[in-house]
Amino acid sequence: MSEHIHHVTDANFEDEVLKSELPVLVDYWAEWCGPCKNFAPILDLVAGDYKDKIKVAKMDIDKNPAMTARYGIRGIPTVMLFKDGSIEATRVGALSKSQLVQFIENNIRQQ
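Conventions we followed
- Residues numbered from 1 in each chain as written.
- Predicted model: local features only at pLDDT ≥ 70, side-chain atom pairs only at ≥ 80, totals over all residues.
- Heavy atoms only, no water.
- Helix = DSSP H or I, 4+ residues; strand = E, 2+ residues; numbered from the N terminus.
- Disulfide = S-S within 2.5 Å.
- Buried < 20%, exposed > 50% of the residue type's maximum accessible area, 1.4 Å probe, protein only.
- pLDDT = per-residue confidence, 0-100.

Right, let's talk about unusual backbone geometry for a bit. Negative phi values dominate among residues other than glycine, just as trans dominates among peptide bonds. Going from Ile76 to Pro77, the amide bond is cis rather than trans, its omega being 0°. Topologically, Pro77 is positioned in the loop between α3 (65-70) and β4 (78-83). For Asp84, which is not a glycine, the phi torsion comes out positive at approximately 55°. Its location among the elements puts Asp84 in the loop between β4 and β5 (86-92).

Here is the structure:
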């Protein structure tokens, strides 16, 4: 796992995601999810590539039911991009590296 990925929980979600000065890409996942496991190395690569532009976080939906319910996560993996405490964009399903980069680029504005 990349040192550029933050693990967020129901307890620290507000501080780590909603109050972040950088946009935050949150990956909602679960240990038992095959597509999530396939997506993890792609997320690691992108987290390193974008370390100065966005924060990348992972949230285990089985261990964090409050935020999972709050944001209506029904399929995983789901990625949500938060900016200034609000959801900027959402994408459900595993993405290729190019799809993830395009998702990020289309939804962040230069600081």
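A few words on the state of the cysteines. What the rule picks out here adds up to 1 disulfide. Residue pairing for Cys33: its cysteine sulfur links by disulfide to Cys36, the two sulfurs lying 2.4 Å apart. Disulfide Cys33-Cys36: the torsion about the S-S bond is 80°, which places it as right-handed. Taking relative accessible area as the criterion, Cys33 reaches 4% and is therefore assigned buried. What makes Cys36 buried here is its relative accessible area of 3%.

Mean pLDDT over the chain: 94, with 96% of residues reaching 70 or higher. The secondary structure element of the chain with the lowest average pLDDT is strand β1 (residues 5-7), at 95, and the one with the highest is strand β2 (residues 24-29), at 98.

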